[in-house]
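Chain by chain, the residues:
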Amino acid sequence: MKIGIIGAGNIGGNLTRRLTALGHDVSVANSRGPHTLTELAEETGATPVPAEEAARGAEVVVVTVPLKAVPDLPKGLLDGAAEGVAVIDTGNYYPQQRDGRIAEIEDDGLTESRWTERHLGHPVVKAFNGTYAQDILDRPRPAGDPDRMALPVAGDDAAAKAKVRALIDELGFDTVDAGGLDDSWRQQPGTPVYGLQAGVDAVRKALAQASEERPADFRG
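This section reports on the structure supplied with the text.

Reading guide: rules and limits
- Residues numbered from 1 in each chain as written.
- Predicted model: local features only at pLDDT ≥ 70, side-chain atom pairs only at ≥ 80, totals over all residues.
- Heavy atoms only, no water.
- Helix = DSSP H or I, 4+ residues; strand = E, 2+ residues; numbered from the N terminus.
- Buried < 20%, exposed > 50% of the residue type's maximum accessible area, 1.4 Å probe, protein only.
- Polar contact = N/O pair within 3.5 Å; in protein donor to acceptor, adjacent residues only side chain to side chain.
- Contact = heavy atoms within 4.5 Å.
- Expected span 1.5 Å × (residues − 1).
- Arc of directions from axis to C-beta.
- Pairing = 2+ DSSP bridges.
- Right-handed = clockwise from strand over helix to strand, strands pointing away.

Examining the side chain of N14
Take N14: it is sitting in helix α1 (residues 10-21). Since its relative accessible area comes to 8%, N14 is described here as buried. Looking at N14, its side chain comes within polar contact range of the main-chain oxygen of A133, at 2.9 Å. Excluding residues within four positions of it along the chain, N14 makes contact with G9, A133, Q134, I136 and L137.

Structural data, given as structure tokens:
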């Protein structure tokens, strides 16, 4: 499958490593330009490209940049992507630590991924946002393994969500359907499932225990 990854930090870099190892055709971009991705490209066989080209022909696009950087992504970022492209948003809102206060999230009650979706102009599927980057490399397990981790996945587009869940399964993790994008507050920072390294039952329980009130540490 052709996959575009926008953002080459810890999550983006490790997804590049795993997805290329699985045989996918991966293009990777960051904010500093393809020349800064030479080492990752040599390690993985991924193709470094400008951000404007990362989604070209892609069946899956992963957007894994700081939330504050989302409005600065190139316009028409997803132009040229394959029909039915699934867009994965791995982002989190850290107002005190990084992003500054975003009124639409705090005052208007938008979930973080709904805010990102509006800026991208395309439906997104929220996944990997509460996953430790190192777990992407270290914690894959075959289906049925009692130690297999589960990741929550939220989104409104059933076909895109199914595509993302199948890809996560291929990466070696179970998934739990966390509902639509307006339900994705259940997996935002400060919730019980955020950072949880556990199986399907524990992830379902943690999602059910979430409070819609944003924790003080994650308010601007």
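Structure shown, so let's carry the discussion forward.
Some words on the side chain of T111
Mapped onto the fold, T111 is located in the loop between α4 (103-106) and α5 (112-120). Using a relative accessible area of 6% as the deciding quantity, one classes T111 as buried. A polar contact is formed between the side chain of T111 and the side chain of S184, at a distance of 3.5 Å. Sequence-distant contacts of T111, that is, excluding residues within four places in its chain, are made with L181, D182, S184, W185 and Q188.

What about the environment of L137?
Topologically, L137 is positioned in helix α6 (residues 133-138). Judged by relative accessible area, which is 32%, L137 ranks as partly exposed. When the C-alpha atoms of L137 and S113 are compared, they prove to be 25 Å apart, with 24 residues separating the residues in sequence.

Brief notes about helix α7 (residues 158-171)
Over its 14 residues, α7 runs 20 Å from end to end, which matches the ideal 20 Å to within 8%, given 1.5 Å per residue. Looking only at α7, the buried set comprises A160, K161, V164, L167, I168 and L171. On an axial view of α7, the arc spanned by its buried residues comes to 125 degrees, and they lie on one face. Every exposed residue of α7 that faces more than 90 degrees away from the buried side is listed here: A158 and A159.

Observations regarding unusual backbone geometry
Outside of glycine, negative phi angles account for most residues, and trans bonds account for most peptide bonds. Phi at F128 is positive, roughly 70 degrees, even though this residue is not glycine. Looking at the element boundaries, F128 is found in the loop between β6 (125-126) and α6. What makes F128 buried here is its relative accessible area of 4%.

A look at the pairing of strand β7 (residues 150-155)
Counting buried positions over the 6 residues of β7 gives 6, a clear majority of the element. Both faces of β7 are covered, namely the face carrying A150, P152 and A154 and the face carrying L151, V153 and G155. In this structure, β7 lies alongside strand β8 (residues 174-177), joined through 4 bridges in parallel fashion. Bridge pairing in β8 links L151 to T175. Tracing the backbone out of β7, into α7 and back to the parallel element β8 gives a crossover that is right-handed.

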